[in-house]
Protein chains: 2
Amino acid sequence: MRSQSTTDGGLAQAVIRRFHALRPLSDEAVGALEQAILEGLFRAGPGEDLVAEGDPIDSVRIVLSGWLYRHKTLEDGRRQIVNFILPGETCDAHAYLLSTIDHSITTATPVTYAEIKRARFEKLMASERTLAEAFMCETLLNNAIQREWAINLGRRAALEKVAHLFCEIYERLRPVGLVDGNSCSFPVTQMDLADATGLSVVHLNRTIQELRATGLITLRERTLTIADLDALKSAALYSPNYLQLYRQV
Amino acid sequence: MRSQSTTDGGLAQAVIRRFHALRPLSDEAVGALEQAILEGLFRAGPGEDLVAEGDPIDSVRIVLSGWLYRHKTLEDGRRQIVNFILPGETCDAHAYLLSTIDHSITTATPVTYAEIKRARFEKLMASERTLAEAFMCETLLNNAIQREWAINLGRRAALEKVAHLFCEIYERLRPVGLVDGNSCSFPVTQMDLADATGLSVVHLNRTIQELRATGLITLRERTLTIADLDALKSAALYSPNYLQLYRQV
DNA sequence: TTCCGGCATTTCAATAGGTTAACGAGCCGC
DNA sequence: GCGGCTCGTTAACCTATTGAAATGCCGGAA
């Protein structure tokens, strides 16, 4: 199912815009990145493992369209989604330095991505300073998000967890132009959502009902609509600090 | 209380050994790092904030002795410790790229650390390739640990959580020579432990009693002793993959 | 059209973990 | 030596969340 693709579709533009928001890029950097992306386009269907825990890594992937998630599984099957990877985001900016990877990456939807081989990537980093900084910021941002997930999983109540996740995803989709008014695509099952928030499917479902009942959100046909973002944020005890990198957007 | 220090004490050696385990360092890199460390030694007492959420950052800190923790707090006071920082580890390898930091860093014990100013650090990175890679690995390892904490907080049961934390800390102290047989220093209060595992203090206490009762651990006078590491790991559903960087130790 | 599998939903009983409160030990300043 | 702190511990009670199981919906394959 995974296949090389030759279509472009201007998708690279959104990626570049987001990178630019992370860190100002020089014109040369933009050109070089764009070229590298267009040279290695691939597609994958939904439910495919791009990376499995324990794999060695030798390239960097940038997502042009579609959702993926990082996850880990315990021996007995309990699964935790530790993060989502959204369009414009990077899978493993420097992970080739590690011998093997500690988690799996699976597509939640059909995905288009660009793959840059390690050697090529390192050359890019060496020649384009602003690009190297942008990828560094990408990694740091990832880190910050991961920390916020820790407090989400450890200290927030069920309703707050789910509300917080909705707020975060919405804010992360914004800089790539994937929010439309107060709604955005939200193509994951409730089982995935449960595994991302550390809840059981049953309780996650109840929690979503509750969010619907209070009129905070609508979630239907894979589309999330947030009636009142401020109200949702307040219900989630959401603090925007950790996504500050996007401030320039 | 925070004060510049001029004592050396050979502490830098442990740091260097650990870095070397992360990534092989050239002799020049070792020398340069050692010098940078010795030029900026500081001390802090217990319970001091080295970094507060929202601060701008303009230096890198390497811990020579003592424990710290990263934490975030919700408006209503709920707190989550998102990670510990142990001797030999680095506070914020590249964080100066971000405008402000998303979490606080507080000392749990008296701490000795080296502070390297941004300009100095960047020069080091530019001139010593192996050192730059080592710091990169440090950041990636941090990331991996953070992901493991996500599954710990989201999917493990109380006993597993605490057991897992014990295993992880033990394994992280090992490469810096801070484990002595089957025990190591463990200088944090049960309240801290509760905030690290996402439990209430009361339940954390109950859980520790249980671990004691089953003979898996002893925790007395700030010292943790692990009777049977394999048994503890198995109780924790511990998988060592995510700390693989230390494999060479 | 029919069957099937994935997904959302609901119900109900069971429980892991939270909350509140109280007590004792050790330690510090006075 | 006396309060007043922090920290660990225990008890009793309570609830948020889990787990198992059944139902209905929908879209795809035959």
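This text goes with the structure placed above it.
Please read these numbers as outputs of a predicted model, since none were measured by experiment.

1. Topic: the nonpolar core
1) Next: Formed by 59 residues in total, the largest nonpolar core has its most connected members in Ile37 and Phe135 of chain A together with Ile37 and Phe135 of chain B.
2) Next: Sequence-distant contacts of Phe135 of chain A, that is, excluding residues within four places in its chain, are made with Phe19, Leu33, Val60, Ile62, Thr90, Ala93, His94, Phe121 and Met125 of chain A.

2. Side note on the side chain of Glu128 of chain B
All names here are of chain B.
1) Next: As for its position among the elements, Glu128 is in the loop between helix H3 (118-127) and helix H4 (129-155).
2) Next: Look at Glu128: it is buried, it has no salt bridge, and the nearest opposite charge is Arg129 at 9.9 Å.
3) Next: Every residue in contact with Glu128, bar those within four places of it in the chain, is listed here: Ser26, Glu28, Ala29 and Ala32.

3. Examining the relation of the copies chain A and chain B
1) Next: You can overlay chain A on chain B at an RMSD of 0.0 Å; the transform is a turn of 180° with a shift of 0.0 Å along its axis. What we have between these two chains is a two-fold relation.
2) Next: When you check the interface residues of chain A against chain B, 98% turn up at the interface there too, and the contact is symmetric in its surfaces.

4. Considerations on the interface of chain A and chain B
1) Next: Contacts between the two partners involve 49 residues from chain A, matched on the other side by 49 residues from chain B.
2) Next: In total, chain A and chain B occlude about 4,400 Å² of area from one another, counting both sides; carbon and sulfur atoms represent 57% of this.
3) Next: Three residues stand out in chain A for area buried against chain B, namely Leu97, Arg147 and Arg155 of chain A, and they jointly supply 18% of the buried area on that side.
4) Next: For the pair chain A and chain B, the interface holds eight salt bridges.
5) Next: In this structure, Asp102 of chain B and Arg147 of chain A form a salt bridge, with 2.9 Å as the shortest nitrogen-oxygen distance.
6) Next: Where chain A packs against chain B, one counts 24 residue pairs in polar contact (both at pLDDT 80 or more).

5. Thoughts on the protein's contact with DNA strand C
1) Next: In the vicinity of DNA strand C, 16 residues are found, and the nearest of them are Gln190 and Asn205 of chain A together with Ala158, Ser200 and Arg206 of chain B.
2) Next: Gln209 of chain A places a side-chain nitrogen or oxygen 3.3 Å from a sugar or linking oxygen of DNA strand C.
3) Next: Of all the secondary structure elements, the ones that give two or more residues to the surface near DNA strand C are helix H7 (201-213) of chain A together with helix H7 (201-213) of chain B.
4) Next: Sort the elements by how many residues they give to the surface near DNA strand C and H7 of chain A lands first, with five residues.

What counts as what
Residues numbered from 1 in each chain as written. Chains lettered and ligands numbered in written order. Predicted model: local features only at pLDDT ≥ 70, side-chain atom pairs only at ≥ 80, totals over all residues. Heavy atoms only, no water. Core = buried A, V, L, I, M, F, W, Y, C linked by side-chain atoms within 4.5 Å. Buried < 20%, exposed > 50% of the residue type's maximum accessible area, 1.4 Å probe, protein only. Contact = heavy atoms within 4.5 Å. Helix = DSSP H or I, 4+ residues; strand = E, 2+ residues; numbered from the N terminus. Lys, Arg positive; Asp, Glu negative; His and termini not counted. Salt bridge = Lys/Arg side-chain N within 4 Å of Asp/Glu carboxyl O. Least-squares fit on C-alpha atoms with pLDDT ≥ 70 in both. Buried area = accessible area lost by both parts, 1.4 Å probe. Polar contact = N/O pair within 3.5 Å; in protein donor to acceptor, adjacent residues only side chain to side chain. Near = heavy atom within 4 Å.

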